[in-house]
Every structure is written in structure tokens, then in C-alpha cells.
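Residue-level structural notes
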Amino acid sequence: MIGQDGKPGRDYPIVDDQTDIGREEGSIVLPNDPYVGARHARLTRRNGRFFVRDLESVNGVYVRLRTPATERLQHGDLVLIGLEVLRFEVVSDAEKGLSPAVERGTQIFGSPSAARHMRLCQRTVEGVTRDVYYPTRDEAVVGREQGDIVFTNDPFMSRRHAAITRDPNNGTFSLRDLGSSNGTYLAIRSERELTPGDHVRIGQHLFRLDVGRTDGR
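Residues numbered from 1 in each chain as written. Predicted model: local features only at pLDDT ≥ 70, side-chain atom pairs only at ≥ 80, totals over all residues. Heavy atoms only, no water.

With that settled, consider the packing of aromatic side chains. By convention here, two paired aromatic rings are described through the distance between centres and the angle between planes. The final tally for this structure, using the stated rule, is three aromatic pairs. With a centroid separation of 5.8 Å and an interplanar angle of 75°, the aromatic rings of Tyr 133 and Phe 151 are classed as edge-to-face. Placement of Tyr 133 in strand S12 (residues 129–133) and of Phe 151 in the loop between strand S14 (149–150) and strand S15 (162–166) is noted, with a sequence separation of 18 residues between them. The ring centre of Tyr 134 lies 5.1 Å from the NZ or CZ of Arg 116, which sits over that ring. (Phe/Tyr/Trp six-rings, centres within 6.5 Å; stacked < 30°, edge-to-face > 60°. Helix = DSSP H or I, 4+ residues; strand = E, 2+ residues; numbered from the N terminus. Lys NZ or Arg CZ within 6 Å of the ring centre and 35° of its normal.)

This is the structure:
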């Protein structure tokens, strides 16, 4: 376990081929974390490789991106940047094709329209969406001080924290960390392989997978 100050905390030895993590059930129990499900995630060891699976939890399992690697984004993915949880959505073809609105025979006056290919919806602890962001360029930077989307009051976000990029050739989207202090996390979709040193966020707890330690754990 890693504390908010970055220092190592409690160790949880992995001795079985299957280790469940939850608030009430499992080999690793986190009873004081209200964001952890009763049985939240499962760590599996197969042929010397480790995999983490989300057990249909409410809040998901997040894995930290390795810098400078990029991760492919899909519609509905959840991204954790600082304290912000952002849902990535691809704008549908129908929405892209919206034409100027007309009311009672008069065209609506407003800000000029701009090309929209994606949006980021800010997910809050109230369970509702607070703000929706529509980046208009092929790359959107998220940060505390600089970028296309700025969260000035987030103390865990770096000045330029992460970027979401659209490939205009094939319309795909990718996420990368910009060397931030606290990392960028992507919620896994079902199961994901972990490599030594990977960081996994479950509720308010941050874990690091250590393999092959000299103390036998």
C-alpha cells in the first residue's frame, strides 16, 4: 500500500493463486473505505503472471499509466486525473451532424458551432455529472494551471497533467500522462495484466505490485 505522501505503507503478501479484495469479503479487507465494494476486485496469478479483475464494483478498479506509454480509449472509459473522475465519450454521428437550431422560424443566436468528436463528463460523489467538456482540437490537455481543461483547485493535479489525443486518420483516441507527479489512471474494463511496479487504485487505497522480493514475499 502507498500513502498519500508516496511512502510505502502496509504490505499484503500474495500467497495464493487468487486473492480477493473488498470492504467485507476477501483475503484483503478494507473495512473503513466506503468506496470499496463488499467484494471489489480479484488478483489472480497464472503461470507467473498477475492479473487484476473488477468484480462488477460500483467504483471500478484503476491502473496507473506508465509514462510515456499511451492507452487506447473507448467510449464510456473512466479516467482518474488528480481528484477528478472523467467519463470519456465519443460523440455520435447524429450529434456531429447537428445543424443550426430554428425556433418559430428564427435561427437561434449564440456562440459559433465547433467540430466535436469527444466529450469528458465530470463524475461527482453525488452520482451525477457536474460539468461536460467538449474539446475542439485533436489533442486536449488536462491540468491544474495549463491546458484545454483546467482544474485550478485540485491539489493532486499537475500543471499539465495528461492529454487525450484523437488520430484524425482512423478516429481513435488515446490517453497519455504528461509526466505528472501523481499519475494518470484508467479504469480497467474487465481484466488486465499487471507488471511489477504497477499501481492499482481501489477505492481510496493505492497499491503497488512488488514481485520477487528478497524477503520471500
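Another aspect to go through is the environment of Gly 76. Along the chain, the position of Gly 76 falls in the loop between strand S6 (70–73) and strand S7 (78–81). Judged by relative accessible area, which is 22%, Gly 76 ranks as partly exposed. On a C-alpha basis, the gap between Gly 76 and Cys 121 in space is 9.8 Å, while along the polypeptide they are 45 residues apart. Leaving out residues up to four positions away in the same chain, Gly 76 has contacts with Arg 87, Phe 88 and Glu 89. (Buried < 20%, exposed > 50% of the residue type's maximum accessible area, 1.4 Å probe, protein only. Contact = heavy atoms within 4.5 Å.)

Time to look at the environment of Glu 103. In this fold, Glu 103 is placed in strand S9 (residues 102–103). A polar side-chain atom of Glu 103 sits 3.3 Å from a polar atom in the side chain of Arg 104. (Polar contact = N/O pair within 3.5 Å; in protein donor to acceptor, adjacent residues only side chain to side chain.)

Core analysis: the biggest nonpolar cluster contains 18 residues, and Leu 73, Ile 81, Phe 88, Ile 164 and Leu 175 have the highest contact counts within it. Of all the secondary-structure elements, those providing two or more residues to this core are S7, strand S8 (84–90), strand S11 (118–123), strand S13 (139–143), S15 and strand S16 (173–177). Contact partners of Leu 175, with chain neighbours within four places excluded, come to Leu 65, Ala 69, Thr 70, Glu 71, Leu 73, Val 79, Ala 162, Ala 163, Ile 164 and Thr 184. Counting 17 residues, the second-largest nonpolar core is a separate cluster that includes Leu 30, Leu 43, Phe 207 and Leu 209. (Core = buried A, V, L, I, M, F, W, Y, C linked by side-chain atoms within 4.5 Å.)

The next subject is the pairing of strand S4 (residues 49–54). Relative to S4, strand S3 (residues 41–46) is paired through six bridges, and the arrangement is antiparallel. Its bridge partner being in S4, Leu 43 is matched across the sheet by Val 52. In textbook terms, the turn of a hairpin is the stretch between consecutive antiparallel strands, and for S3 and S4 this stretch comprises two residues, one of which, Asn 47, has a positive phi near 55°. Across four bridges, the pairing between S4 and strand S18 (residues 191–194) is antiparallel. Paired with Arg 53 across the two strands is Glu 191, which belongs to S18. (Pairing = 2+ DSSP bridges.)

Turning next to the sheet that holds strand S2 (residues 28–29). The strand order across the open sheet formed by five strands is S2-S1-S3-S4-S18, and the pairing between neighbours is mixed. Looking at which strands have only one partner, the edges of the open sheet turn out to be S2 and S18. Across two bridges, the pairing between strand S1 (residues 18–22) and S2 is parallel. When the sheet's bridge partners are listed, Ile 21 is paired in S2 with Ile 28.

The eight strands are arranged S12-S11-S8-S7-S17-S5-S19-S20 in an open sheet whose pairing can be described as antiparallel. Two strands close off the open sheet at either side, each with one partner strand: S12 and strand S20 (205–208). Strand-to-strand, the axes of this sheet are offset by a mean angle of 30°, without reference to chain direction. Of the strand pairs in this sheet, strand S5 (residues 61–64) and strand S17 (residues 184–187) are connected by three bridges, and their pairing is antiparallel. For Arg 64, the partnering residue across the bridge sits in S17 and is Tyr 185. (Axes fitted to C-alpha atoms, helices over the stretch in contact; angles between N-to-C directions.)

Right, let's get into the pattern of salt bridges. Evaluation of the coordinates by the stated rule reveals 22 salt bridges. For Arg 166, the salt bridge goes to Asp 138, with nearest N and O atoms at 3.1 Å. Highlighted residues: Arg 166 in strand S15 and Asp 138 in the loop between S12 and S13, separated in sequence by 28 residues. On the accessibility criterion, Arg 166 (16% relative accessible area) is buried. According to the relative accessible area criterion, Asp 138 is partly exposed, its value standing at 33%. As a salt-bridge pair, Arg 144 and Glu 145 come within 3.0 Å of each other at their nearest N and O atoms. The partly exposed category is assigned to Arg 144, whose relative accessible area is 23%. What emerges from the salt-bridge pattern is a single network uniting Arg 87, Glu 89, Glu 95, Arg 116 and Arg 119. (Salt bridge = Lys/Arg side-chain N within 4 Å of Asp/Glu carboxyl O.)

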